[in-house]
Amino acid sequence: MTRMTLQDTLSRLINAASVSSVNPAWDMSNREVIEHLESWFDALGFRTEVLTIPGHPDKFNLIASAGQGNEGLVLSGHTDTVPFDEAKWHSDPLKLQERDGRFYGMGSADMKVFFAVIIEAIREVPLQQLKQPLVIIATADEESTMCGAKSLTDLHRRLGRHAIIGEPTDMKPVRQHKGISMESIRINGRSGHSSDPSLGVNALDAMYQVLGEVIQWRSELQQRYRNQAFKVAFPTLNLGHIHGGDNPNRICGQCELQFDLRPLPGMSLDSLRGELRQRLSKCLHDADLNWELTPVFDGIPAMETPRDAAIVQAVEQLTGAESGAVAFGTEGPFFNSMGMQTVICGPGSIEQAHQPDEYLPLKHIQPAINLIQSLIRQFCL
Ligand SMILES: [Zn+2]
């Protein structure tokens, strides 16, 4: 095949729309992106596998690998983008446009460019000489359900030891982020005429107790956990939605509260949910009603890769930047749970991600290529 430039590669990836969204009206398949990547990595001499994702018939992951062994380097990215509003763009979001030293396009920073950079970086790598494997992973639905990364963990397969996820971090290494969960507390009391309280059980009265308990729990969590690597150094819990009742003269039969919780590394979502459940049981013990605590979605665990991990050390040294923490979630915790040590580091900035006129500064490209080539030399050759 004639050699494609990085611009050609990125242009094709951007042109292959791959929105993922929990709103079915927006959601699309990522098939076209996966097919491009499969054919390119196949042509470069990689073994490629396209993996289906149980329960998501139009979504696919790709694993492309070269070399054998238990250690090795994993380069990973997500194939999807968030939904976009074409009217707010100054150029076609699905057409790569170069202007003012930038590539504009949907996914130019977050994060289709990372695959274009990988392809550019590995063209000259002698795959037959790899002493440890080089594995490329492309996932589905990072922007919505993370079903791609989650289904990789279900493979129970060792994919590598050292991993980079090329999310846009301005080429600065990140080894920590908070987790996120969204929870719903639903109280079912019994409605009745307001003139006689004994005719019902008021769910709003009970929610008053619950709100007090949740706010108390929040302040205890914030006393217990601190991490100065984060701009907001404590776990947050935001009361975001409440709905209950219908009329002033009716005993409120039902009330629902939703909140989000952003735990620091070291706080497990399961144990937090368990702790809250226990507190609610105690607080609503005497009330003649039923209640449920349910996740609004599965949640993303917090991430922490040790500072002394070889990949953290290597990326810090090669970028000249100290590894830090960010305020957004990634697939990193799922990769870490598969036995990888993962650093988030890639071209582009999170500030341009998820925005109209998303762009990638061209000056990030060569440093990103250099970083990948150096990591391959260090971990695979
Ligand atoms: Zn991203």
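In case you missed it, the structure is sitting above this.
Note that the structure is predicted; figures quoted are calculated from it, not measured. (Residues numbered from 1 in each chain as written. Predicted model: local features only at pLDDT ≥ 70, side-chain atom pairs only at ≥ 80, totals over all residues. Heavy atoms only, no water.)

Before going further, it helps to examine the overall build of the chain. Scanning the chain for helices and strands turns up nine helices and 16 strands. Each principal axis of the C-alpha atoms in the chain carries an extent, and together these give about 80 × 45 × 40 Å. By residue count, 53% of the 381 residues in the chain fall in the buried class. For the chain, the accessible area works out to roughly 17,300 Å², and carbon and sulfur atoms hold 47% of it. Here the chain contributes 34 positive and 46 negative side-chain charges, whose respective centroids are spaced 4 Å apart. (Helix = DSSP H or I, 4+ residues; strand = E, 2+ residues; numbered from the N terminus. Buried < 20%, exposed > 50% of the residue type's maximum accessible area, 1.4 Å probe, protein only. Areas by Shrake-Rupley, 256 points an atom, 1.4 Å probe, with all protein chains shown as cover. Lys, Arg positive; Asp, Glu negative; His and termini not counted. Charge placed at Lys NZ, Arg CZ, Asp CG, Glu CD.)

Here we come to the pattern of salt bridges. Under the defined criterion, the tally for this structure stands at 18 salt bridges. In this structure, E183 and R273 form a salt bridge, with 2.9 Å as the shortest nitrogen-oxygen distance. One end of the pair, E183, is in strand β9 (residues 180-188); the other, R273, is in helix α6 (residues 269-283), with 90 residues separating them in the sequence. Looking at E183, the relative accessible area reads 3%, which means it is buried. A salt bridge links R190 to D288; its shortest N-O distance comes to 4.0 Å. Remark: D288 occurs in the loop between α6 and β12 (290-300) and R190 occurs in the loop between β9 and α5 (203-224); sequence separation between them is 98 residues. In this structure R190 comes out as partly exposed when scored by relative accessible area, which is 42%. Accessibility expressed as a relative area gives 57% for D288, which makes it exposed. (Salt bridge = Lys/Arg side-chain N within 4 Å of Asp/Glu carboxyl O.)

You can see L293 is positioned in strand β12. Owing to a relative accessible area of 5%, L293 belongs among the buried residues under this scheme. A sequence separation of 19 residues divides L293 from G274, and the C-alpha atoms of the two residues are 10.0 Å apart. When residues no more than four places from it in sequence are discounted, the contact partners of L293 are E183, S184, I185, R273, L276 and R277. (Contact = heavy atoms within 4.5 Å.)

Okay, the coordination of the zinc ion next. Protein-derived coordination of the zinc ion comes from H78 (NE2), D110 (OD) and E167 (OE), at a distance range of 1.9 to 2.1 Å. The sequence pattern describing where the donors of the zinc ion fall on their chain is H-x31-D-x56-E. Of this pair, D110 sits in the loop between β5 (102-104) and α3 (112-122) while E167 sits in the loop between β7 (162-165) and β8 (174-177), and the two are 57 residues apart along the sequence. For the pair D110 and E167, a shared accessibility class is recorded, and that class is buried. (Donors = N, O, S within 2.8 Å, 3.2 Å for Na, K, Ca; no water.)

In total, this model carries three aromatic pairs according to the counting rule given. On the numbers, 5.5 Å between centres and 50° between planes, the contact of Y104 with Y359 is tilted. With Y104 in strand β5 and Y359 in strand β16 (residues 359-361), the pair connects residues that are 255 residues apart, well separated along the chain. In this structure, Y104 and Y359 share a single accessibility class: buried. If you follow R99 out to its NZ or CZ, it ends over the ring of Y104, 3.8 Å from the centre. One Lys or Arg, R102, reaches over the ring of Y359 and ends 3.8 Å from the middle of that ring. (Phe/Tyr/Trp six-rings, centres within 6.5 Å; stacked < 30°, edge-to-face > 60°. Lys NZ or Arg CZ within 6 Å of the ring centre and 35° of its normal.)

With that out of the way, let us pick up the sheet that holds strand β4 (residues 97-99). Strands sit in the order β4-β5-β16 across an open sheet of three strands; the sheet is antiparallel. Edge positions in the sheet fall to β4 and β16, since each has one partner strand and no second. Within this sheet the neighbouring strands show an average axis-to-axis angle of 25°, counted without direction. In this sheet, β5 lies alongside β4 in antiparallel orientation, the contact comprising three bridges. Across the sheet, the residue bridging to R99 is R102, located in β5. (Pairing = 2+ DSSP bridges. Axes fitted to C-alpha atoms, helices over the stretch in contact; angles between N-to-C directions.)

This part is about the pairing of β9. Counting buried positions along β9 gives seven out of nine residues, so the element sits mostly inside the fold. The pairing of β9 with strand β11 (residues 254-262) spans eight bridges and is classified as antiparallel. Note that in β11 the partner of I187 across the bridge is C255.

All right, on to the nonpolar core then. If you look at the biggest cluster of nonpolar residues, it comprises 55 residues, and the most contacted ones within it are F41, L134 and I311. Sequence-distant contacts of L134, defined by excluding residues within four places in its chain, comprise F46, A64, S65, A66, L73, L75, I122, I376 and C380. In this structure, L264, L276, L280 and L284 belong to the second largest nonpolar core, which totals 25 residues. (Core = buried A, V, L, I, M, F, W, Y, C linked by side-chain atoms within 4.5 Å.)

What the rule picks out here adds up to zero disulfides. We note that C255 lacks a disulfide partner, and the nearest cysteine sulfur, in C252, lies 5.4 Å from it. Accessibility expressed as a relative area gives 2% for C255, which makes it buried. Between C380, a free cysteine, and C345, which holds the nearest cysteine sulfur, the sulfur-to-sulfur gap is 17 Å. The class for C380 is buried, based on a relative accessible area of 1%. (Disulfide = S-S within 2.5 Å.)

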